[in-house]
Amino acid sequence: MTTPTRTTRGPVTTSRVVLYATLVALALIFLVPLVWMVITSLKTYTAAQQIPPSWLPDPIAGYGYEQILNNTANPVLRWFLNSMLAATLHSLLVLVTASMAAYSLARLRFRGRGVTFALIVGTLFIPPTSLIIPNFLIVDQLNWIDTLAVVVVPGAASAFGVFFLRQFFLSLPNELEEAATLDGANQWQIFFRVVLPLSKPALATLAVLSFLTNWNDFLWPIFVLFSPEKLTLPPGLGLLQGSYVTDYPVIMAGAVLASLPVLILFVLAQRHIIQGVSRSGLKG
């Protein structure tokens, strides 16, 4: 009767110690500002102004959150709902347009396919700020100024989304589509019933990235949204800072409110994001 061999871990090398120390330092760099934001949001106005600042709120107060919930001049909750709706609809539009364009560029054979893809990728090098005036003139002609559509539709034809999904579609085996063709499926059925179900990691990754892009957009809403109740959260939070006094608990409470959907979305989709990036050829 043989006894099972016990596996022993190798010695801790200097390189591994340096790696772990670097990872811990990077984690602290990203986590400390978030922790400080939450702590400041729980302080009173006087405690937030103390020098030197204290790490623990004493006493713990909901002053910042009360000001946000009860502020009629600056409806933060309305801005939050506007941002949620705009970012969600924008993400859905990006998935629709990018998936169909990427599939045609990855699988269909037509004249000028390479040139078309090169032109789409080339638009990624155009500075976004140079497109503000042309986009403004277009949405003004469409009477979209100061409406929800003006922060949802522009940018829905995502060049990055087309590039990202095309790279993922190219990694899918052709045999699956050939088998579906032999079973009598047409091109639309192959796209909806074969390709899209296999592309959930890439679609989830693109949805998260599109959501974050729209959610954090600050410059474009300033140009096209004028009514206080129509604002989205990033430009709206800028109104919380007064001209002469900065109310840090209120500002940090608004920042916590703006960060929660992003953190929750990343936690729920992180597995799909890792799979989508690793299979799309965008690693490293």
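All figures in this text were calculated on a predicted structure; none of them were measured in a lab. (Residues numbered from 1 in each chain as written. Predicted model: local features only at pLDDT ≥ 70, side-chain atom pairs only at ≥ 80, totals over all residues. Heavy atoms only, no water.)

What exactly am I supposed to notice about the overall build of the protein chain here?
Scanning the protein chain for helices and strands turns up 13 helices and zero strands. Of all 284 residues assigned to the protein chain, the portion counted as buried reaches 34%. Of the roughly 17700 Å² that the protein chain leaves accessible, carbon and sulfur atoms contribute 68%. (Helix = DSSP H or I, 4+ residues; strand = E, 2+ residues; numbered from the N terminus. Buried < 20%, exposed > 50% of the residue type's maximum accessible area, 1.4 Å probe, protein only. Areas by Shrake-Rupley, 256 points an atom, 1.4 Å probe, with all protein chains shown as cover.)

Help me out: how do you make sense of the pattern of salt bridges in this one?
Oppositely charged side chains can form a pair if their charged atoms are brought close together. All chains considered together, the criterion is met by one salt bridge. The residue Glu-177 makes a salt bridge to Arg-107 at a minimum N-O spacing of 2.4 Å. With Glu-177 in helix α8 (residues 174-182) and Arg-107 in helix α4 (residues 76-107), this pair connects stretches of sequence that are 70 residues apart. For Glu-177, a relative accessible area of 11% gives the class buried. Given the relative accessible area of 13%, Arg-107 is considered buried. (Salt bridge = Lys/Arg side-chain N within 4 Å of Asp/Glu carboxyl O.)

Mind showing me how you'd approach the environment of Thr-22 here?
Note that Thr-22 resides in helix α1 (residues 14-41). Within the local environment of Thr-22, its side chain forms a polar contact with the backbone oxygen of Val-18, the two atoms lying 2.7 Å apart. (Polar contact = N/O pair within 3.5 Å; in protein donor to acceptor, adjacent residues only side chain to side chain.)

I'm lost on the packing of helix α7 (residues 159-170) against helix α10 (residues 200-215) in this one. Help?
To describe two helices that pack against each other, one gives the angle between their axes and the distance between the axes. At their nearest, the axes of α7 and α10 sit 10 Å apart, and the two run at 165 degrees to each other. Overall, the two elements α7 and α10 adopt an arrangement that is roughly antiparallel. Of the two elements, α7 crosses α10, and the hand of that crossing is right-handed. Residues Phe-160, Gly-161, Phe-164, Leu-165 and Phe-168 of α7 touch α10, and the partners they reach there are Ala-202, Leu-203, Thr-205, Leu-206 and Leu-209. Residues of the contact of α7 with α10, tallied by class, amount to eight nonpolar, two polar and no charged. (Axes fitted to C-alpha atoms, helices over the stretch in contact; angles between N-to-C directions. Parallel < 35°, antiparallel > 145°, perpendicular 65-115°, else oblique. Left-handed = near helix turned anticlockwise from the far one by under 90°. Contact = heavy atoms within 4.5 Å. Nonpolar A, V, L, I, M, F, W, Y, C, P; charged D, E, K, R; others polar.)

Explain the packing of aromatic side chains here, please?
Both the distance between ring centres and the angle between the ring planes are used here to describe each pair of aromatic rings. Counted under the stated rule, the structure contains nine aromatic pairs. Clustering of aromatic rings is evident, with ring pairs tying together Tyr-103, Phe-169, Trp-188, Phe-191 and Phe-192. (Phe/Tyr/Trp six-rings, centres within 6.5 Å; stacked < 30°, edge-to-face > 60°.)

Help me understand α10, please; the structure alone is not making it clear to me.
Since there are 3.6 residues in each turn of an α-helix, residues three or four apart along the chain are aligned in direction. Across its 16 residues, α10 extends 22 Å between first and last C-alpha, which sits within 8% of the 22 Å expected from 1.5 Å per residue. Residues Pro-201, Ala-202, Leu-203, Ala-204, Thr-205, Leu-206, Val-208, Ser-210, Phe-211, Asn-214 and Trp-215 constitute the buried set of α10. (Expected span 1.5 Å × (residues − 1).)

Quick question: what am I supposed to make of a nonpolar patch on the surface here?
On the surface, a cluster of nonpolar side chains totalling about 830 Å² of accessible area is made up of Val-24, Leu-28, Leu-31, Val-32, Leu-34, Val-35, Trp-55, Leu-56 and Leu-263. Take the nonpolar patch: its biggest share by element is six residues, from α1. Within the secondary structure, Leu-56 is located in the loop between α2 (45-48) and α3 (63-69). Given the relative accessible area of 66%, Leu-56 is considered exposed. (Patch = residues over 30% accessible without salt bridge, like charges linked within 9 Å, V, L, I, M, F, W, Y side chains within 5 Å.)

Is there a simple way to think about helix α9 (residues 187-198) in this case?
The end-to-end C-alpha distance of α9, which contains twelve residues, comes to 16 Å, matching closely the 16 Å that a straight helix rising 1.5 Å per residue would cover. Of the positions making up α9, those classed as buried are Ile-190, Phe-191, Val-194, Val-195 and Leu-196. Close packing links the buried residues of α9 with α4, α7, α8 and α10. Between the side-chain oxygen at the start of α9 and the backbone nitrogen of Trp-188 there is a gap of 3.2 Å, and the oxygen is on Asn-186.

For this particular structure, what's the right way to read the packing of α4 against α10?
Two elements in contact, α4 and α10, have axes whose closest approach is 8 Å; the angle formed by their N-to-C orientations is 140 degrees. Compared by their axis directions, α4 and α10 come out oblique. Every pair of crossing elements has a handedness; the one defined by α4 and α10 is right-handed. Two secondary-structure elements touch here, α4 through Phe-80, Ser-83, Met-84, Ala-86, Ala-87, Thr-88, His-90, Ser-91, Val-94, Leu-95, Ala-98 and Ser-99 and α10 through Leu-203, Leu-206, Ala-207, Ser-210, Phe-211, Asn-214 and Trp-215.

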